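Read off the chains here:
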Amino acid sequence: MRKINTALIEQNIYEMALHAGVNLIPSCRAALEKAKNAESSETARFALETLIKNSEIAVAEKMPVCQDTGMAVVMLEIGQEVFLEGKSLSAAINDGVRRAYNDGYFRKSVCDPITRVNTTDNTPAVIHTEIVDGDKINVTFMPKGFGSENMSKLYMLKPAQGVEGIIGSIVETVKLAGSRPCPPVYVGVGIGGSFDTCAFLAKKALTRDIGSANPREDIAKIECEALARINGLKIGCQGFHGNTTALGVSCEIAPTHIAGLPVAVNIQCHCVRCERVTI
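The structure displayed is predicted, hence computed values, not measured ones.

(A) Molecular detail of the sheet that holds strand β2 (residues 71-79). Sheet architecture is open: 4 strands sit in the order β4-β2-β5-β10, paired in mixed fashion. Unpaired on one side and paired on the other, β4 (126-132) and β10 (275-278) mark the two borders of the sheet. Taken pair by pair, the neighbouring strands of this sheet meet at an average axis angle of 15°, ignoring direction. Note: β2 against strand β5 (residues 137-144), 8 bridges, orientation antiparallel. Bridge pairing in β5 places Glu 77 opposite Asn 138. In the packing of helix α7 (residues 195-205) onto the sheet, contacts are made with β2, β4 and β5, and the angle to β2 comes to roughly 95°.

What follows is the structure in structure tokens.
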């Protein structure tokens, strides 16, 4: 049994949130450069150059890379041999988020869904926990903006719709979103599970590096085909009808009920921000 004080988790959340608010993940930056170099539309290429320049200025000036500094999403894989001591886990996480959003001068975007009264500190965070083997905690922090989150969809397909139904749902979601989620987008897809676990899988897929492939060959083929069809839509960067509408498609899968085929499509804008640490 290994004891971990939640104060350590709080400090890591604080540092991860500060860094994520300012920096794109390396695979996102590389994907934007690749898209720019392959772009045939002059207007779309200019837009991509502007996005890249914006990311450089954010790092140089230590300013948020996007005005929507997101709702804090925290995913934890907690080893079953870990004993947590100190304040509660949720309190530690939220204290870390609260401090980071204050010290980083990040926009506070969390409010009551009915009264719309702002909580003033960007808490509570969205917290997902999984119990795994071992005596370590893997922490992932992702600030999720809602221009893209609002374009996400959940489909409860019939099993007979199969792979073609899955790909069709992914492409339809991006097509209906158009320019609203600030493309080029990154598309996270959850396949299987239940209504709720499917959506979590889609969110988890967005924590993968852009360009990575699912280890299952059949799922990797779905990722490739969906990406090709999405880019065939020619929505392009910021809707300027360029070659790259999506930087990548990542799918995660789980067993489901014999009567169902849930598919969740979680859209992420071009501003992919994610931090990981192992405690």
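From this point, the narrative continues.
(B) Representation of helix α3 (residues 42-61). Spanning 20 residues, α3 covers 28 Å between terminal C-alpha atoms, matching the ideal 28 Å at 1.5 Å per step. For α3, every residue scored as buried is listed here: Ala 44, Ala 47, Leu 48, Leu 51, Ile 52, Ser 55 and Ala 58. Buried residues along α3 cover an arc of 135° about the axis, so they all sit on one side. Structural note: α3 exposes Glu 42, Phe 46, Ala 60 and Glu 61 on the side pointing more than 90 degrees away from its buried face. Where α3 is buried, its residues meet α2 (26-38). Where α3 ends, the next residue or the one after it, Lys 62, has phi of about 55°, a positive value.

(C) Structural view of the nonpolar core. In terms of nonpolar packing, the biggest core is built from 27 residues, with Cys 28, Leu 32, Ile 210 and Leu 247 touching the most fellow members. For this core, the secondary-structure elements that each account for two or more residues are α2, α3 and β2. Sorting elements by how many residues they give to this core places α3 first, with 6 residues. Once residues within four sequence positions are removed from consideration, Leu 247 is found in contact with Cys 28, Ala 31, Leu 32, Ala 35, Pro 184, Val 185, Ile 210, Leu 227 and His 270.

(D) Quick look at the packing of helix α1 (residues 6-20) against helix α4 (residues 89-103). Here α1 crosses α4 at 35°, and the two axes come no closer than 8 Å. For the pair α1 and α4, the crossing hand works out as right-handed. Along the contact surface, α1 presents Thr 6, Ile 9, Glu 10, Gln 11, Ile 13, Tyr 14, Ala 17 and Leu 18, while α4 presents Leu 89, Ala 92, Ile 93, Asp 95, Gly 96, Val 97, Arg 99, Ala 100, Tyr 101 and Asp 103. When grouped by side-chain class, the residues that make up the contact of α1 with α4 number 11 nonpolar, 3 polar and 4 charged.

(E) Focus on the packing of aromatic side chains. Counted by the stated rule, this structure contains 1 aromatic pair. Between Tyr 101 and Phe 106, the aromatic rings sit 5.4 Å apart at their centres with planes inclined by 85°, giving edge-to-face as the arrangement. Tyr 101 gets classed as buried once you look at its relative accessible area, which sits at 1%. A relative accessible area of 3% places Phe 106 in the buried class. Lying across the ring of Tyr 14, Arg 99 places its NZ or CZ 4.1 Å from the centre.

What counts and how
- For every chain, the first residue of the written sequence is number 1, and numbering continues from 1 onward in sequence order.
- Only residues with pLDDT of 70 or above have their local features reported here, since the model is predicted, and side-chain atom pairs are shown and tallied only from 80 upward, although totals for entire chains, interfaces and linings are computed over all residues.
- Side-chain numbers come from the whole structure's heavy atoms, not from hydrogens or water.
- Paired strands, as defined in this entry, are two strands with at least two bridges between them according to DSSP.
- A helix here means a DSSP run of H or I that spans at least four residues, while a strand means a run of E at least two residues long, and both kinds are numbered starting from the N terminus.
- Structural elements are reduced to axes, namely lines fitted to C-alpha atoms, with helices fitted over the stretch in contact, and the angle between N-to-C directions of any two is expressed from 0 to 180 degrees.
- By definition in these notes, contact holds between two residues if any of their heavy atoms fall within 4.5 Å.
- By this rule the span expected of a helix is its residue count minus one, scaled by 1.5 Å.
- Under the scheme applied here, a residue whose accessible area is under 20% of the maximum for its type counts as buried, over 50% as exposed, and between as partly exposed, the area being computed with a 1.4 Å probe on protein chains only.
- Arc definition: directions from the helix axis to the C-beta atoms.
- We call a set of buried Ala, Val, Leu, Ile, Met, Phe, Trp, Tyr and Cys residues a nonpolar core when their side-chain atoms join them within 4.5 Å.
- By definition, any crossing whose near helix is turned counterclockwise from its far helix by less than a right angle is left-handed, and any crossing with a clockwise turn is right-handed.
- Under the scheme applied, nonpolar residues are Ala, Val, Leu, Ile, Met, Phe, Trp, Tyr, Cys and Pro; charged residues are Asp, Glu, Lys and Arg; polar residues are all the others, including Gly.
- Any two of the Phe, Tyr and Trp rings considered here, Trp counted by its six-membered ring, make a pair once their centres fall within 6.5 Å; the pair's planes then place it as stacked at under 30 degrees, edge-to-face at over 60, or tilted in between.
- The criterion is that NZ of a Lys, or CZ of an Arg, lies within 6 Å of the ring centre and within 35 degrees of the ring normal, and then a charge sits over that ring.

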